Amino acid sequence: MLKSLLCILLIFGCLCRIHGVMFHLTPNTQKCLKEDIQANQLVMGEYEVSDVPGQIIDYIARDTKGHILSQKEHITKGKFSFTSEVFDAYEICFISKVPPHQRGISQEVSLVTKKGVETKNYEGIGEASKLKPLEVDLKRLEDLSDSIVRDFAVMRKREEEMRDTNEKTNSRVLFFSIFSMCCLLGLATWQVLYLRRYFKAKKLIE
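Residues numbered from 1 in each chain as written. Predicted model: local features only at pLDDT ≥ 70, side-chain atom pairs only at ≥ 80, totals over all residues. Heavy atoms only, no water.

A.B. asks: Looking at this structure, how should I read the overall build of the chain?
C.D. replies: Broken down by element type, the chain carries three helices and eight strands. Within the chain, the fraction of its 206 residues that count as buried is 27%. Restricting the contact set of the chain to residue pairs at least 6 apart, pairs at least 24 apart contribute 79%. Of the roughly 14800 Å² of accessible surface on the chain, a fraction of 60% belongs to carbon and sulfur atoms. (Helix = DSSP H or I, 4+ residues; strand = E, 2+ residues; numbered from the N terminus. Buried < 20%, exposed > 50% of the residue type's maximum accessible area, 1.4 Å probe, protein only. Contact = heavy atoms within 4.5 Å. Areas by Shrake-Rupley, 256 points an atom, 1.4 Å probe, with all protein chains shown as cover.)

A.B. asks: Just to check I follow, could you spell out the state of the cysteines for this structure?
C.D. replies: Among covalent bonds in proteins, the disulfide is the one between the sulfur atoms of two cysteines. This structure, assessed with the given rule, holds one disulfide. Two residues share a disulfide in this structure: C32 and C93, whose sulfurs sit 1.9 Å from each other. Here the disulfide of C32 and C93 is right-handed, its torsion about the S-S bond being about 110 degrees. Here the residue C32 occupies a position in strand β2 (residues 30–37), and C93 occupies one in strand β7 (residues 88–97), the gap between them amounting to 61 residues. On the accessibility criterion, C32 (30% relative accessible area) is partly exposed. For C93, a relative accessible area of 0% gives the class buried. (Disulfide = S-S within 2.5 Å.)

A.B. asks: Can you walk me through the pairing of β7 in this structure?
C.D. replies: Where a strand is regular, its side chains alternate between the two sheet faces. For β7, a buried count of eight out of 10 residues is recorded, marking the element as mostly surrounded by other parts of the structure. Across eight bridges, β2 lies against β7 in antiparallel orientation. Bridge pairing in β7 links E35 to Y90. Here strand β4 (residues 56–62) runs beside β7; their pairing, made up of seven bridges, is antiparallel. From the neighbouring strand, I56 faces β7, where its bridge partner is K97. (Pairing = 2+ DSSP bridges.)

A.B. asks: How should I be thinking about the sheet that holds β7 in this particular structure?
C.D. replies: Strands pair in a sheet through their backbones, by hydrogen bonds, and they do so in one of two ways: parallel or antiparallel. Taken in spatial order, the four strands make up an open sheet running β2-β7-β4-β5, and their pairing is antiparallel. Strands with a single pairing partner mark the edges of an open sheet, and in this sheet they are β2 and β5 (68–72). Pairwise comparison of adjacent strand axes, ignoring direction, gives a mean angle of 15 degrees for this sheet. (Axes fitted to C-alpha atoms, helices over the stretch in contact; angles between N-to-C directions.)

A.B. asks: Would you mind showing me how to read a nonpolar patch on the surface here?
C.D. replies: A cluster of nonpolar side chains, L187, W190, Y194, L195, Y198 and F199, forms an exposed patch at the surface whose accessible area comes to about 600 Å². Here L187 shows up in helix α3 (residues 133–201). A residue is classified by how much of its surface remains accessible, and L187, at 43% relative accessible area, is partly exposed. (Patch = residues over 30% accessible without salt bridge, like charges linked within 9 Å, V, L, I, M, F, W, Y side chains within 5 Å. Salt bridge = Lys/Arg side-chain N within 4 Å of Asp/Glu carboxyl O.)

A.B. asks: For this particular structure, what's the right way to read the nonpolar core?
C.D. replies: Ranked by size, the top nonpolar core spans 17 residues in total, and within it Y47, I57, Y59, I75, F80, F94 and V109 carry the most contacts. For this core, the secondary structure elements donating two or more residues are β1 (19–25), β3 (42–49), β4, β6 (77–83), β7 and β8 (107–115). Once you skip the residues sitting within four places of it in the chain, I75 turns out to touch Y47, V49, I57, D58, Y59 and F94. (Core = buried A, V, L, I, M, F, W, Y, C linked by side-chain atoms within 4.5 Å.)

A.B. asks: Looking at this structure, I do not really get the pattern of salt bridges. What am I missing?
C.D. replies: Two side chains bearing opposite charge may form a pair once their charged atoms approach each other closely. Using the criterion set out here, one finds six salt bridges in the structure. Here E91 and R62 are joined by a salt bridge, their closest N and O atoms 2.9 Å apart. Linking E91 in strand β7 with R62 in strand β4, this pair joins segments that are 29 residues apart in sequence. Taking relative accessible area as the criterion, R62 reaches 22% and is therefore assigned partly exposed.

A.B. asks: How should the packing of aromatic side chains be read in this particular structure?
C.D. replies: A ring pair, where both rings are aromatic, is described by two values, the distance of the centres and the angle of the planes. This structure, assessed with the given rule, holds nine aromatic pairs. Here the aromatic rings of F23 and F94 are separated by 6.0 Å at their centres, their planes lie at 65 degrees, and the arrangement is edge-to-face. Placement of the pair is F23 in strand β1 and F94 in strand β7, with a sequence separation of 71 residues. Residue classification places F94 among the buried positions, given a relative accessible area of 0%. Pairing F80 with F82 gives two aromatic rings, centres 6.5 Å apart and planes at 10 degrees, and the pair type is stacked. F82 gets classed as buried once you look at its relative accessible area, which sits at 7%. Each residue in the set F23, Y47, Y59, F80, F82, Y90 and F94 is aromatic and connected to the rest through ring pairs, giving one cluster. (Phe/Tyr/Trp six-rings, centres within 6.5 Å; stacked < 30°, edge-to-face > 60°.)

Right under this line is the structure:
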């Protein structure tokens, strides 16, 4: 029973953390995949591109500041890895290049990425530490649980930051509304007094 429960939890964790996509890349265009990644987290990926004579595809991985973390030209099939320095949105872009004299066709690109816990080789860890298969599964589950807890902590922190921002925005809107009302009341009072003086000057009213 315990072993079945561990298997279910590990499969669920793997599905949550291993991302695989396949898409068609139009000639002379680029397509980027973006994801938020925590600081000091290892990201590994495998890619494969359908071969079309005369057409070239490059890939580049970078953060929002433009720092290049991994890059390769003329790709067909291979692997890449990089470590995130800070919590940020990282993107992997595939760029198609077709000569002007050639009529390009779409190429199929497949990408599988893993990050954090799923990049660890638990079989190697088990052999090095002489752990039983169940102990290896427990170690994997422990690391997965810690990673999920850290993810929830980051989500909670971001939620608190968004709530603080909303509260500050609401306060500013309230003060601006009060200021606008005061300005409108002042302007209306000034208009009434001005018109009163004007009509008195024209002897239209007593």
